[in-house]
Amino acid sequence: MCNCIFIHNEDSMQPNDLDRIARQIRLRDLQTVFEAGAGHIGGEMSAIDILTALYFRVLRIWPDQPKNPERDRFVLSKGHVALALYVTLAKRGFIPEDEISTFLKPHSRLNGHPNCNKVPGVETNTGPLGHGLPVAVGMAKAAKLTGAKYHTYVMTGDGEMQEGSNWEAIASAAQFGLDNLTLIIDHNRFQQGASLKDTNNLAPFPAKLSAFGWDVTEINGNSMDEIVPALEKRGNRPHCIVAHTNKGHGISFMQDTVDWHHKVPNAEQYKIAVAELSEAL
Amino acid sequence: MKDVVTSPKLHDCRDAFVAVLERLGAENSKIVAVCNDSVGSSKLGGFKSRWPERLVNVGIAEQNMVGVGAGLANGGLLPFVCGAACFLTGRSLEQIKADIAYSNANVKLIGISSGMAYGELGPTHHSIEDFAWTRVLPNLPVVAPCDSIETAAAVEWAAQYDGPVFLRLSRVGVPDLLPAGHKFELGKANLLRDGDAVTLLANGTLTHRMMKAADILAEQGIEARVLNMASVRPIDVDAVVAAARDTGAILTAEEHSVIGGLGSAVAEFVVSEAPVPMKILGVPGIFAPTGSAEFLLDEFGMSPAAIAEAAITLIARKSRA
């Protein structure tokens, strides 16, 4: 386990640097799930590359001023992968890195879903699905009304798009002309109980978002070379990034199986996973 | 204090709400109104014509409306989210819980046409559950003013209160009861009339009916205390306990189900702090039949005469207690 402290210079963060940070975040996430005996490791692994790109390159944020009005907003609508956000926030300096070991422990401020009144860097409380996008629409609309220059990002799960509130928000974002809003759909193709296609298959997403008046970019959501330019892209309509990801990305036996939505690795599996993630550090 | 009903003129409290909202809106450009295609029913036409860009109409989409309100507050604005109380609270209860109350977002939720204001439209449009499902949420004051004066005062208070608020308004005409210049204080009841035989406790459209019931009782030599209790959460525990101790019986009435509303909130403290005979008047746990709000309130035993009768029955229980 690498516990090295990074000297951040986000502007110069290149895909290779970001990849390295993402692997460290994955490793800390895995270790924490193993030690806590709980988490949502599959969806955490699928989302970590995007979280890394956001927090270490794209977002204009100041960890020592988490409420700076000019900060870019990021809303983790798939709040059940809170641990991935906590590890990212810790690595970025919002909370102490050693606090991660309190995850899910009694009175820890790091519970299973992020709390904006306790954890600096969290913008709104999420957990029930279909909440983050409407709130992000409000954030982006506020910037339009006040003239603020911040950009709002929100990440949902692909299964989460089954919540109707998302489609209310998608329609209103287009109606309001929110070119300062980016929705990232973490399209890992699995939800809690089964694959998306065997449950309520909303895929393919691009045509649906386009029909609602959004710009759409499809990327490999586990490739920094594709993630960074997509997040930095600006247009004159709200922007949806359909990020094709792998649930459990980076850990061979977890990838693309529904089992690893919230399963916890046993000691043997943990050893294999640590070895795989450590390989490229 | 018997002459507190100074004018029989009836007021639609929505008018007081928008008058204050527009006055505050002229002073504070951060105030925005958010609605669900309810510009007319929320009486936001004036606000819209003055500041069209500050009227955020999300269309018929209440879950999005409440979430957008939370996001606008995050972006530094002061949103007043307005919609028919039945849809605002029922359709988006989880958004109110997670995005507003739990996130402690500085959003003012304005439930219009609450209770059975849409009487004839039927139970889908009645909002007689909203006290129950909002007052259990931490961080969220629940307030139901009794007249246009208290409505104006409560809106003024809500705008300066740093945190979420649920303000429950009606469109049913009510006379002014509180004195001009009244200031709203969260968690404080207003003594409208004093007496020692029984306490009549209400809010919203029921307070003036309680005053009329007290007049009927006085004609029979029974002096009732009347408390107006707009603040359902937090409740004025001191006023409730004093009412129990001083008068020995408490009768509540509300334009809400008898389950989980103002009467329940009062009973929770009466039971633990000062047990006395109590009666809760309201909609008796059923879907209401067709009729206007005024008709239905009478139908469910909340005409002034019926309230007075219930008070006499309750007073008789004191001697047996």
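Scoring rules and cut-offs
Residues numbered from 1 in each chain as written. Chains lettered and ligands numbered in written order. Predicted model: local features only at pLDDT ≥ 70, side-chain atom pairs only at ≥ 80, totals over all residues. Heavy atoms only, no water. Helix = DSSP H or I, 4+ residues; strand = E, 2+ residues; numbered from the N terminus. Rg over C-alpha atoms; globule rule 2.2 N^0.38 Å. Buried < 20%, exposed > 50% of the residue type's maximum accessible area, 1.4 Å probe, protein only. Contact = heavy atoms within 4.5 Å. Lys, Arg positive; Asp, Glu negative; His and termini not counted. Charge placed at Lys NZ, Arg CZ, Asp CG, Glu CD. UniProt positions renumbered as here; feature names shortened; annotations may be inferred. Buried area = accessible area lost by both parts, 1.4 Å probe. Salt bridge = Lys/Arg side-chain N within 4 Å of Asp/Glu carboxyl O. Polar contact = N/O pair within 3.5 Å; in protein donor to acceptor, adjacent residues only side chain to side chain. Pairing = 2+ DSSP bridges. Axes fitted to C-alpha atoms, helices over the stretch in contact; angles between N-to-C directions. Right-handed = clockwise from strand over helix to strand, strands pointing away. Left-handed = near helix turned anticlockwise from the far one by under 90°. Nonpolar A, V, L, I, M, F, W, Y, C, P; charged D, E, K, R; others polar. Expected span 1.5 Å × (residues − 1). Phe/Tyr/Trp six-rings, centres within 6.5 Å; stacked < 30°, edge-to-face > 60°. Lys NZ or Arg CZ within 6 Å of the ring centre and 35° of its normal.

## Overview of the overall build of chain B
Part 1: Along its length, chain B carries twelve helices and 14 strands.
Part 2: Taking 2.2 N^0.38 as the reference for a compact globule, 321 residues should give roughly 20 Å; the C-alpha atoms of chain B span a radius of gyration of 19 Å, in line with that estimate.
Part 3: By principal-axis analysis of the C-alpha atoms, chain B measures approximately 60 × 35 × 35 Å.
Part 4: Every one of the 321 residues in chain B was classed for burial, and the buried ones make up 63%.
Part 5: In chain B, the share of contacts with a sequence separation of at least 24, taken over all contacts with a separation of at least 6, comes to 77%.
Part 6: Chain B carries 27 positive and 35 negative side-chain charges, and their two centres are separated by 2 Å.

## Here we look at the UniProt feature "domain: Transketolase-like pyrimidine-binding" (unreviewed entry) in chain B
Part 1: Cross-referencing UniProt, the feature "domain: Transketolase-like pyrimidine-binding" (unreviewed entry) maps to residues 11-176 of chain B in the present numbering.
Part 2: Secondary structure content for residues 11-176 of chain B is 41% helix and 17% strand, and the end C-alpha separation is 7 Å.

## As for the interface of chain A and chain B
Put simply, an interface is often sized by how much accessible area is lost when its parts join up.
Part 1: Contacts between chain A and chain B engage 27 residues on the former and 24 residues on the latter.
Part 2: Interface area, chain A with chain B, both sides summed: about 1,900 Å², of which 54% is carbon and sulfur.
Part 3: A per-residue breakdown of the area chain A buries against chain B is headed by His131, Leu145 and Glu168 of chain A, which together make up 28% of the total.
Part 4: Counting across the chain A and chain B interface gives zero salt bridges.
Part 5: At the junction of chain A with chain B, the criterion picks out 13 residue pairs in polar contact (both at pLDDT 80 or more).
Part 6: Of all the secondary-structure elements, those providing two or more residues to the side of chain A that touches chain B are helix H4 (132-146) and helix H5 (164-175) of chain A.

## So, the side chain of Asn36 of chain B
Residue and element names in this part refer to chain B.
Part 1: Here Asn36 is to be found in the loop between strand E2 (31-35) and helix H2 (45-50).
Part 2: Polar side-chain contacts of Asn36 include one of 3.0 Å to the side chain of Ser38.
Part 3: A polar atom in the side chain of Asn36 sits 2.8 Å from the side chain of Glu62.
Part 4: Setting aside its immediate chain neighbours within four residues, Asn36 contacts Asn57, Val58, Gly59, Ile60, Ala61, Glu62, Met65, Cys82 and Gly83.

## Some remarks on the pattern of salt bridges
If charged atoms from side chains of opposite charge come close, those side chains can pair.
Residues and elements named next belong to chain A.
Part 1: Applying the stated rule across the entire model yields 24 salt bridges over all chains.
Part 2: Between Arg109 and Glu99 there is a salt bridge whose closest N-O contact spans 2.6 Å. Taken as a pair, Arg109 in the loop between helix H3 (82-92) and H4 and Glu99 in the loop between H3 and H4 lie far apart in primary sequence, ten residues in all.
Part 3: Here Arg109 falls in the partly exposed class, since its relative accessible area comes to 27%.
Part 4: According to the relative accessible area criterion, Glu99 is buried, its value standing at 13%.

## Overview of the sheet that holds strand E1 (residues 73-76) of chain A
Residues and elements named next belong to chain A.
Part 1: Taken together, the five strands give an open sheet; going across it, the order is E1-E2-E3-E5-E4, and neighbouring strands pair in parallel fashion. A single partner strand is all that each edge strand has here, and the edge strands are E1 and strand E4 (215-220). The mean inter-strand angle of the sheet, taken between neighbouring strand axes irrespective of direction, is 20°.
Part 2: Sheet topology places E1 next to strand E2 (residues 152-157); four bridges connect them, and they run parallel. If you follow Phe74 over to E2, its bridge partner there is Tyr153.

## Some remarks on the pairing of strand E3 (residues 181-187) of chain A
Residues and elements named next belong to chain A.
Part 1: The element E3 is extensively covered by neighbouring structure, given that seven of its seven residues are classed as buried.
Part 2: Going residue by residue along E3, you find Leu181, Leu183, Ile185 and His187 tucked away on one face and Thr182, Ile184 and Asp186 tucked away on the opposite face as well.
Part 3: Sheet analysis places E2 next to E3, joined by six bridges and oriented parallel. By the bridge assignment for E3, Thr156 is matched with Ile185.
Part 4: Note that the unit made of E2, H5 and E3 has a crossover that is right-handed.
Part 5: Relative to strand E5 (residues 239-244), E3 runs parallel, the two being bridged by six bridges.

## Notes on the packing of helix H1 (residues 13-27) of chain B against helix H7 (residues 148-160) of chain B
Residues and elements named next belong to chain B.
Part 1: In the contact formed by H1 and H7, the axes pass within 8 Å of each other and the chain directions differ by 35°. When the axes of H1 and H7 are compared, the crossing they make is right-handed. Together, Cys13, Ala16, Phe17, Val20, Leu21, Arg23 and Leu24 of H1 and Ser148, Thr151, Ala152, Val155, Glu156 and Ala159 of H7 make up the contact between the two elements.
Part 2: Grouping the amino acids of the contact of H1 with H7 by side-chain chemistry returns nine nonpolar, two polar and two charged.

## A word on H7 of chain B
Residues and elements named next belong to chain B.
Part 1: Across its 13 residues, H7 extends 19 Å between first and last C-alpha, which sits within 8% of the 18 Å expected from 1.5 Å per residue.
Part 2: Counting buried residues in H7 gives ten out of 13 residues, a clear majority hidden from the surface.
Part 3: Those residues of H7 that fall on the buried side of the exposure criterion are Ser148, Ile149, Glu150, Thr151, Ala153, Ala154, Val155, Trp157, Ala158 and Ala159.
Part 4: The opening residue of H7 is Asp147, an N-cap whose side-chain oxygen sits 3.1 Å from the backbone nitrogen of Ile149.

## Describing the packing of aromatic side chains
Residue and element names in this part refer to chain A.
Part 1: Within this structure, the stated rule accounts for nine aromatic pairs over all chains.
Part 2: Ring centres 5.4 Å apart and planes at 45° place the aromatic pair Trp167 and Phe212 in the tilted group. Of the two residues, Trp167 is situated in helix H5 and Phe212 in the loop between helix H6 (205-211) and E4; the sequence distance between them amounts to 45 residues.
Part 3: Among the residues examined, Phe212 registers a relative accessible area of 34% and is labelled partly exposed.
Part 4: Aromatic pair Phe253 and Trp260: ring centres 5.5 Å apart, planes at 70°, arrangement edge-to-face.
Part 5: Its relative accessible area of 4% is what places Trp260 among the buried residues.
Part 6: Members of the aromatic cluster, joined through ring pairs, are Tyr55, Phe74 and Phe94.
Part 7: Above the face of the Phe56 ring, Arg92 is positioned so that its terminal group lies 6.0 Å from the ring centre.

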